[in-house]
Amino acid sequence: MRPVTTETAQTPHDLIGGAPVFEAIANRFYDLMEQDAAYAELRAMHAEDLGPMRKSLPRFLAGWAGGPRDWFEANPGKCMMSLHKDFAIDRQTAAQWADAMTRAIADVAPEPAHIAQAMTEVLSRMARGMTRP
Ligand code: HEM
């Protein structure tokens, strides 16, 4: 068996299909946020135009999953938790984010399924971790 090195190891970003998959997930996520009244409170926290978020979220997710780091280079030193610290995120809006993201990933259904599942779990946990006390 070939040893896994930094040259041969594939990132979650590459394994799951790269930029088009993260774009599909983000677009589905914001479509759900716009169309399903179950996410009304989450939608109300965002700007009227979700266009910038449809560009920003997939770039963040791609870099976070080990792909191109342009979002991180454009936002030096910023972490997702501190970026959200001024938003009034409560249990309801954090749960709405986690639920819409879980549905978005399930609807896009990228392969391999175990990476999609791990991504769903970690993102849901991250969203719930942003809840203000
Ligand atoms: C916990 C529930 C969350 C709420 C209520 C929330 C809400 C928001 C809001 C209101 C904005 C500003 C966007 C605008 O003004 O239109 C924003 C930006 C953003 N959020 Fe969240 N967010 C949550 C969780 C997350 C999580 C878990 C991630 C990533 C894993 C994330 C990724 C982003 C990104 C990438 C931006 C744009 C930052 C930028 O590029 O400037 N959010 N979020």
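Before reading on, note that the structure itself is shown above.
Conventions adopted
Residues numbered from 1 in each chain as written. Predicted model: local features only at pLDDT ≥ 70, side-chain atom pairs only at ≥ 80, totals over all residues. Heavy atoms only, no water. Phe/Tyr/Trp six-rings, centres within 6.5 Å; stacked < 30°, edge-to-face > 60°. Helix = DSSP H or I, 4+ residues; strand = E, 2+ residues; numbered from the N terminus. Buried < 20%, exposed > 50% of the residue type's maximum accessible area, 1.4 Å probe, protein only. Lys NZ or Arg CZ within 6 Å of the ring centre and 35° of its normal. Contact = heavy atoms within 4.5 Å. Near = heavy atom within 4 Å. Polar contact = N/O pair within 3.5 Å; in protein donor to acceptor, adjacent residues only side chain to side chain. Nonpolar A, V, L, I, M, F, W, Y, C, P; charged D, E, K, R; others polar. Core = buried A, V, L, I, M, F, W, Y, C linked by side-chain atoms within 4.5 Å. Expected span 1.5 Å × (residues − 1). Arc of directions from axis to C-beta.

Engineer: Which residues make up the packing of aromatic side chains, and what are the values?
Structural biologist: In this structure the tally under the stated criterion is five aromatic pairs. With a centroid separation of 5.2 Å and an interplanar angle of 80°, the aromatic rings of Phe60 and Trp71 are classed as edge-to-face. Separated by eleven residues along the polypeptide, Phe60 in helix α4 (residues 51-64) and Trp71 in helix α5 (residues 70-74) bring together distant segments of the chain. Of the residues examined, Trp71 reaches a relative accessible area of 9% and is grouped as buried. The rings of Phe29, Tyr30 and Trp97 are connected pair by pair, giving a single aromatic cluster. It is Arg69 that lies over the ring of Phe72; its NZ or CZ is 4.4 Å from the centre.

Engineer: Could you give an account of the side chain of Thr93, with specific residues and numbers?
Structural biologist: By secondary structure assignment, the location of Thr93 is in helix α7 (residues 91-108). Excluding its chain neighbours within four sequence positions, the residues that come into contact with Thr93 are Glu41, Leu42, Met45 and Ala88.

Engineer: Give me the lowdown on the site of the ligand, citing residues and values where you can.
Structural biologist: Ala47, Ser56, Trp71, His84 and Trp97 are the nearest of the 20 residues found near the ligand. One nitrogen or oxygen atom from the main chain of Ala47 is found 3.0 Å from an oxygen atom belonging to the ligand. A distance of 2.5 Å separates an oxygen atom of the ligand from a polar atom in the side chain of Ser56. Elements that contribute at least two residues to the shell around the ligand include exactly α3 (40-45), α4, α6 (80-83), α7 and α8 (113-128). Sorting elements by how many residues they give to the shell around the ligand places α4 first, with four residues. Taken together, the residues of the shell around the ligand break down into 17 nonpolar, three polar and no charged.

Engineer: So what's going on with the nonpolar core? Residues and values would help.
Structural biologist: Judged by nonpolar contacts, the single largest core of 33 residues is most densely connected at Phe29 and Met101. Broken down by element, this core gets its largest block of residues, eight residues, from helix α2 (residues 19-35).

Engineer: Go over α2, please, and point to the residues and values.
Structural biologist: Compared with the 24 Å implied by 1.5 Å per residue over 17 residues, the 24 Å span of α2 between its first and last C-alpha is a close match. Taken residue by residue, α2 has Val21, Phe22, Ile25, Ala26, Phe29, Tyr30, Leu32 and Met33 as its buried positions. On an axial view of α2, the arc spanned by its buried residues comes to 160°, and they lie on one face. Exposed residues lying more than 90 degrees from the buried face of α2 are Pro20 and Gln35. Buried residues along α2 sit in contact with α1 (12-16), α3, α4, α7 and α8.

Keep in mind these values describe shape, not function.
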